[in-house]
Amino acid sequence: MKNIVIALLCMLCGLATMHGQNSKIELMPLPYSTDALASVISQHTIEFHYGKHLQNYVNTLNDLIKGTQFENEDLQTIVLKSDGVIYNNAAQVLNHNLYFAQFSPTEGGKPAGRLADAINATWGTFEQFQQIFEAAGVGLFGSGWVWLAADKDGKLTIFRAANAGNPMTEGLKPILVFDVWEHAYYIDYQNRRAEYLHALWSILDWKVIEGRY
Ligand code: MN
């Protein structure tokens, strides 16, 4: 009997450990090779930006949520419910996941369908939207993110955020995002932020971005 109880306890321990491992925040897999975007974002930048900066936010977040109410929560829930240093690291993981997932070496071009219609309705043309979006990134003081975001009725807005800001905290859905931290472009473009922002259009995968709308 004693052995059976011990065996059962061990099974429960095993399950608890497995659950803990499953809920750990993981580094997202890149949907392309590290050199695939080299015409715009070099392999060197990807290796640092994805391999070091994003990995570090993931590691720090996992350390910070250990033993807290967020330990078994998903990333979006942590971003919505946390603040301070846990929010900063969780939002940086989510922001980078959205950033890296929206690129593809064979894409570029323009949005289509409902998203294209909504952009045209708001800014007149896609080209005008591009200009305003780039200018928002150039004009952001310090580190942050420039977002295309949608409200619950699908109305689009450009959301500019310092540091780890994410439009979800304002009830908006993230659609497209450009990283305006220097670590995103300094290796390839040094201080030429405008050049970096302008180049990003040619590697956007609009099917991924339209899927978020
Ligand atoms: Mn970054």
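It should be noted that the structure appears before, not after, this text.
The present account deals with the structure reproduced in this document. (Residues numbered from 1 in each chain as written. Predicted model: local features only at pLDDT ≥ 70, side-chain atom pairs only at ≥ 80, totals over all residues. Heavy atoms only, no water.)

What to know about the coordination of the manganese ion
As a reminder of what qualifies: Each metal site is built from N, O and S donor atoms within 2.8 Å (3.2 Å for Na, K and Ca), and since water is not included, such sites may look incomplete. Only DSSP runs of H or I covering at least 4 residues are called helices, and only runs of E covering at least 2 are called strands; the numbering of each starts at the N terminus. Each residue's exposure class comes from its accessible area (1.4 Å probe, protein chains only) as a fraction of the maximum for that residue type: buried when under 20%, exposed when over 50%, partly exposed otherwise.
Surrounding the manganese ion are the protein donor atoms His 49 (NE2), His 96 (NE2), Asp 179 (OD) and His 183 (NE2), which sit 2.0 to 2.1 Å from the metal. As a motif over one chain, the donors of the manganese ion read H-x46-H-x82-D-x3-H. Placement of His 96 in helix H4 (residues 84-101) and of His 183 in the loop between strand S3 (173-179) and helix H7 (186-189) is noted, with a sequence separation of 87 residues between them. In this structure, His 96 and His 183 share a single accessibility class: buried.

Points about the sheet that holds S3
So the rule is basically this: We treat two strands as partners when DSSP finds at least two bridges between them. Here the axes come from fitting lines to C-alpha atoms, over the contacting stretch only for helices, and the angles between their N-to-C directions go from 0 to 180 degrees.
Read across the open sheet, the three strands follow the order S2-S1-S3; overall the sheet is antiparallel. Single-partner strands in this sheet number two, and they are strand S2 (156-162) and S3. Sheet twist, expressed as the mean angle between neighbouring strand axes with direction ignored, is 25°. One ladder, built from six bridges, connects strand S1 (residues 144-150) with S3; its direction is antiparallel.

Side note on the pairing of S1
When you tally the buried positions in S1, you get seven out of seven residues, the bulk of the element. Every second residue of S1 is oriented toward a common face, with Gly 144, Val 146, Leu 148 and Ala 150 on one face and Trp 145, Trp 147 and Ala 149 on the other, all of them buried. Across seven bridges, S1 lies against S2 in antiparallel orientation. Across the sheet, the residue bridging to Leu 148 is Ile 158, located in S2. Counting the residues in the hairpin turn of S1 and S2 gives five residues, including Gly 154, whose phi is positive at 85°.

Describing the side chain of His 49
We count it as follows: Contacts are assigned to residue pairs that have any heavy atoms within 4.5 Å of one another.
Tracing the backbone shows His 49 in helix H2 (residues 43-65). You can call His 49 buried: its relative accessible area is 1%. Ignoring sequence-local partners within four residues, the contact set of His 49 consists of Leu 54, His 96, Tyr 99, Phe 100, Asp 179, His 183 and Ala 184.

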